[in-house]
Amino acid sequence: MKVKFPYFGDDTDYLKFTIADIEALEMATGKSVFKLMGDDDFGAMFVFKALPIAYKHCHPELDDKTIRDKVQQCIDEGGSLIAIIGALVMALYKSGIYGKQEKPTTSENGGKK
């Protein structure tokens, strides 16, 4: 599932992880995706390993250096590395690694899932 990623100036940009992408991320980090999510220890290294993988669905023409430059520009313009990390973590979560996401029960949907 796609996650909006407006941090590089385009509101139509998104992040997405497929199962093949998750395998690539595990190979790049040397950790299982569940270990990554469980450790909750995300930083610049995580961003520069995960972002090129998740962002390629939106912009396959960009190489790793260009993505690093875009992250730096985002930070220089007042953006946050934490916001980028949050989008990556949400994209991992929405990839389905934890199973199907249940629709929450609310009064708006009559208490039905």
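Residues numbered from 1 in each chain as written. Predicted model: local features only at pLDDT ≥ 70, side-chain atom pairs only at ≥ 80, totals over all residues. Heavy atoms only, no water.

A word on the packing of aromatic side chains. Enumeration over the complete set of coordinates arrives at 7 aromatic pairs. A ring pair is formed by Tyr 93 and Tyr 98, whose centres lie 6.1 Å apart and whose planes are at 40 degrees; its orientation type is tilted. Overall, Tyr 98 belongs to the partly exposed group, its relative accessible area being 45%. The rings of Phe 5, Tyr 7, Phe 8 and Tyr 55 are connected pair by pair, giving a single aromatic cluster. (Phe/Tyr/Trp six-rings, centres within 6.5 Å; stacked < 30°, edge-to-face > 60°. Buried < 20%, exposed > 50% of the residue type's maximum accessible area, 1.4 Å probe, protein only.)

Taken together, the side chains of Phe 34, Met 90, Tyr 93 and Tyr 98 present a nonpolar region at the surface, about 410 Å² in accessible area. With respect to the helices and strands, the residue Tyr 93 is situated in helix α5 (residues 81–94). With a relative accessible area of 40%, Tyr 93 lands in the partly exposed category. (Patch = residues over 30% accessible without salt bridge, like charges linked within 9 Å, V, L, I, M, F, W, Y side chains within 5 Å. Areas by Shrake-Rupley, 256 points an atom, 1.4 Å probe, with all protein chains shown as cover. Salt bridge = Lys/Arg side-chain N within 4 Å of Asp/Glu carboxyl O. Helix = DSSP H or I, 4+ residues; strand = E, 2+ residues; numbered from the N terminus.)

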